[in-house]
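Chain by chain, the residues run as shown.
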Protein chains: 2
Amino acid sequence: MRIIIIGAGNLATRLSQALQKVGHEIMQLYSRTQTSAKALADILHVPYTINISEIGQNADIYIYAVNDDALESLIELPLSPNAIHVHTAGSVSIDIFKGKKKNYGSFYPFQTFSKAKEVDFNDIPICIEASNKQVSLKLFELAKSICNNVYEINSEQRLNLHLAGVFANNFVNHLYQISSDIVESANLPFEIIKPLIIETAEKIQQLSPNEAQTGPAKRNNQTIINKHRDALKHNNELLELYNRLSNMILNANVSQ
Amino acid sequence: MRIIIIGAGNLATRLSQALQKVGHEIMQLYSRTQTSAKALADILHVPYTINISEIGQNADIYIYAVNDDALESLIELPLSPNAIHVHTAGSVSIDIFKGKKKNYGSFYPFQTFSKAKEVDFNDIPICIEASNKQVSLKLFELAKSICNNVYEINSEQRLNLHLAGVFANNFVNHLYQISSDIVESANLPFEIIKPLIIETAEKIQQLSPNEAQTGPAKRNNQTIINKHRDALKHNNELLELYNRLSNMILNANVSQ
């Protein structure tokens, strides 16, 4: 397909590379930021623009891989009315395009992307949603060309999936931060926790979270829990988080 | 070394296998539970007993890989006074042996162990602590024989490390559980989150938790945060956890 990419952030960068690699034509890319636009254009060897009036009219599909605020204004642009217009936002309904585009939808790779680390698109679930059956078929074909796991979901499911991702990624990463702070204040290096972090994530590929749950709260070992509380007594915020999560694990146990 | 293993749980199983594999002699193992004792004895092809009075007297080292309550009574046994006695407990000081044994310490592999999944001991940090220099040298040698990362730490550091592990493993796993509950209530399979979970853990092997932090709270995107809060409005416990963790990420951001 002939694709124009709107955006040059982490997702736009990784997605456009994956699409180009399997033979799609990235015709052009737009970003309001010159340096980001040029950096991605150099990787892809395609033209770029930072001027909205110069965005091409002849693509089959426009992928809006931008933040939610930018999305709202960019979909107002009078781009090719027959093309498909999709956003990549977890928490935005496809109704945002209603009345503005004829063929639209969402193309949502469910993964965390960073400039520093490449990811294999084959392993990434892509969630699609379309305004009509023709668009659905096209998006399915596009998604299948770069990945094995394609899910057709609606906007409410996508919002919930995004929320689940906040727990499994953003909040988990914050727990890594807390863990790192604790070992460093005990004069130990963060390195020492890394094997546990990897194993915890790998375990869940084979076991359910319920089967994988271990620890003093799971065993209701109050002696250890009290030692931990004592170690946190000077940090009320962490102590409260410790209590809350321990109680949630304890209660999940009881209700089984 | 000639080793007697006290306990036949996940840690005892994995540790004794690793030690035997590199040439140490597992002389005997004890567990109060016949089935566990026999299962591990069958794997190792060594004698076992479920009778405390039959535990051998001629080992170089006794490894007490049991829960904290069992540990307290088992260290009272009149086993070889010249041998080294170590426990594997994260939250128990080595002072528990004081006045009861001459040579003692702790041998603490910092990892989560399960019967279902084998782990490579080479990658696991082992933390040792000893009552005297001779014991320290022996424990260092023993740890080095099965792993690359050996840390000599004191009991307070070990307690903090254990606490950090509760955040990075037990609590992280509970967030996986929440995440799983959210996608399943949206009629999506848990499978869809697994690639994100792995990538989140792998990212942290290269980036610091601070560099790896992303998400609506990090960007202070109140529009998305409010959509998520709305999706959680019928589950007060999750809503409060969402608010608490989001605020912690927001505040960490502000204070930088």
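Here's what I pulled together on the structure shown here.

Our focus in this paragraph is the packing of aromatic side chains. All told, the structure shown has 14 aromatic pairs over all chains when counted by the stated rule. Judged by centre distance (5.4 Å) and plane angle (65°), the rings of Y242(A) and F171(B) are edge-to-face. One end of the pair, Y242(A), is in helix α9 (residues 236-254); the other, F171(B), is in helix α5 (residues 155-185), on a second chain. F171(B) shares its class with Y242(A); the two are buried. Judged by its relative accessible area of 1%, F171(B) is buried. Following the ring pairs from residue to residue traces out a cluster consisting of Y64(A), F97(A) and Y104(A).

Whether parallel or antiparallel, the strands of a sheet pair through hydrogen bonds between backbone atoms. Residues and elements named next belong to chain A. Here we have eight strands laid out as an open sheet, ordered β3-β2-β1-β4-β5-β6-β7-β8, and mixed in their pairing. The strands lining the two open edges of the sheet, one partner per strand, are β3 (48-49) and β8 (150-152). Summarising the sheet, strand β4 (residues 61-64) and strand β5 (residues 84-87) pair through four bridges and their orientation is parallel. Considered in β5, the bridge of Y64 is made with H87. The strands touched by helix α2 (residues 34-44) are β2 (25-30) and β3; relative to β2, the strand with the most contacts, the crossing angle is about 165°.

So, about the relation of the copies chain A and chain B. Rotating chain A by 180° and translating it 0.0 Å along the rotation axis places it on chain B, where the RMSD comes to 0.0 Å. The superposition of one copy onto the other is thereby described by a two-fold rotation axis. When C-alpha positions in chain A are compared against the rotation axis, the closest is assigned to V172(A), at 2.8 Å. A shared interface surface links the copies, since 100% of the contact residues of chain A are contact residues in chain B too.

Residue and element names in this part refer to chain B. Among the residues of helix α8 (residues 222-231), those classed as buried are I224, I225 and H228. Along α8, the residues classed as buried sweep out an arc of 100° about the axis, all on the same side. Two to three positions downstream of the cap, the backbone nitrogen of T223 sits 3.2 Å from a side-chain oxygen, assigning the N-cap of α8 to N221.

Within the largest apolar cluster, 79 residues are counted, with the highest numbers of intra-cluster contacts made by F167(A), I193(A), F167(B), L175(B) and I193(B). Secondary-structure elements contributing two or more residues to this core are α5 (155-185), α6 (194-206) and α9 of chain A together with α5, α6 (194-206) and α9 (236-254) of chain B. If we skip the residues at most four places from it in the chain, F167(B) touches L175(A), I178(A), S179(A), I182(A), L232(A), L238(A), L241(A), Y242(A) and V172(B).

Contacts between the two partners involve 86 residues from chain A, matched on the other side by 86 residues from chain B. Buried area between chain A and chain B, both sides added, is near 8,700 Å², and the carbon and sulfur share of it is 68%. Here chain A and chain B share two salt bridges between them. In this structure, R244(B) and E240(A) form a salt bridge, with 3.0 Å as the shortest nitrogen-oxygen distance. Taken together, the links from chain A to chain B amount to 34 residue pairs in polar contact (both at pLDDT 80 or more). Put simply, the parts of the chain that give the side of chain A that touches chain B at least two residues each are α5, α6, α7 (209-212), α8 (222-231) and α9 of chain A.

The next point concerns the sheet that holds strand β5 (residues 84-87) of chain B. Residue and element names in this part refer to chain B. With mixed pairing, the eight strands of this open sheet are ordered in space as β3-β2-β1-β4-β5-β6-β7-β8. In the strand order of this sheet, the two ends are held by β3 (48-49) and β8 (150-152), each with one partner. Pairing of strand β7 (residues 126-130) with β8, which is carried by three bridges, proceeds in the parallel orientation. Within β8, the position partnered with I128 by the bridge is E152. Here α5 sits on the sheet and contacts β5, β6 (103-109), β7 and β8; the angle it forms with β6, its principal contact strand, is near 25°.

Rules used throughout
- Note on numbering: residues in each chain are counted from 1, in written sequence order.
- Ligands are numbered from 1 and chains lettered from A, in the order in which they are written.
- Where totals are concerned, whole chains, interfaces and linings use all residues; where local detail is concerned, this predicted model gives features only for residues with pLDDT of at least 70, and gives and counts side-chain atom pairs only at 80 or more.
- Hydrogens and water molecules were not included; the side-chain quantities draw on all heavy atoms of the structure.
- Planes of paired rings set the category: under 30 degrees apart is stacked, over 60 is edge-to-face and the rest tilted, where pairs are Phe, Tyr or Trp rings (Trp by its six-membered ring) whose centres lie within 6.5 Å.
- Comment: elements are numbered from the N terminus, with helices defined as DSSP H or I runs of at least four residues and strands as E runs of at least two.
- With a 1.4 Å probe rolled over the protein chains alone, any residue whose accessible area is under 20% of its type maximum counts as buried; one over 50% counts as exposed, and the rest are partly exposed.
- When DSSP locates at least two bridges between a pair of strands, those strands are taken to pair.
- We call two residues in contact whenever any of their non-hydrogen atoms come within 4.5 Å of each other.
- Axes here refer to lines fitted to C-alpha atoms; in helices the fit is confined to the stretch in contact. Angles between the N-to-C directions go from 0 to 180 degrees.
- Superposition of the copies was done by least squares, using only C-alpha atoms of residues whose pLDDT is at least 70 in both.
- The reported arc concerns the directions from the helix axis to the C-beta atoms and nothing else.
- Polar contacts, as counted here, are pairs of nitrogen or oxygen atoms within 3.5 Å of one another; within protein the pair requires one atom able to donate a hydrogen and one able to accept it, and residues that are adjacent in sequence qualify only if both atoms are side-chain atoms.
- Only buried Ala, Val, Leu, Ile, Met, Phe, Trp, Tyr and Cys residues count toward a nonpolar core, and they belong to the same one when joined by side-chain atoms within 4.5 Å.
- Summed over both partners, buried area is the accessible surface (1.4 Å probe) that two parts give up on being assembled.
- Salt bridge, as applied in this entry: a Lys or Arg side-chain nitrogen positioned within 4 Å of an Asp or Glu carboxyl oxygen.

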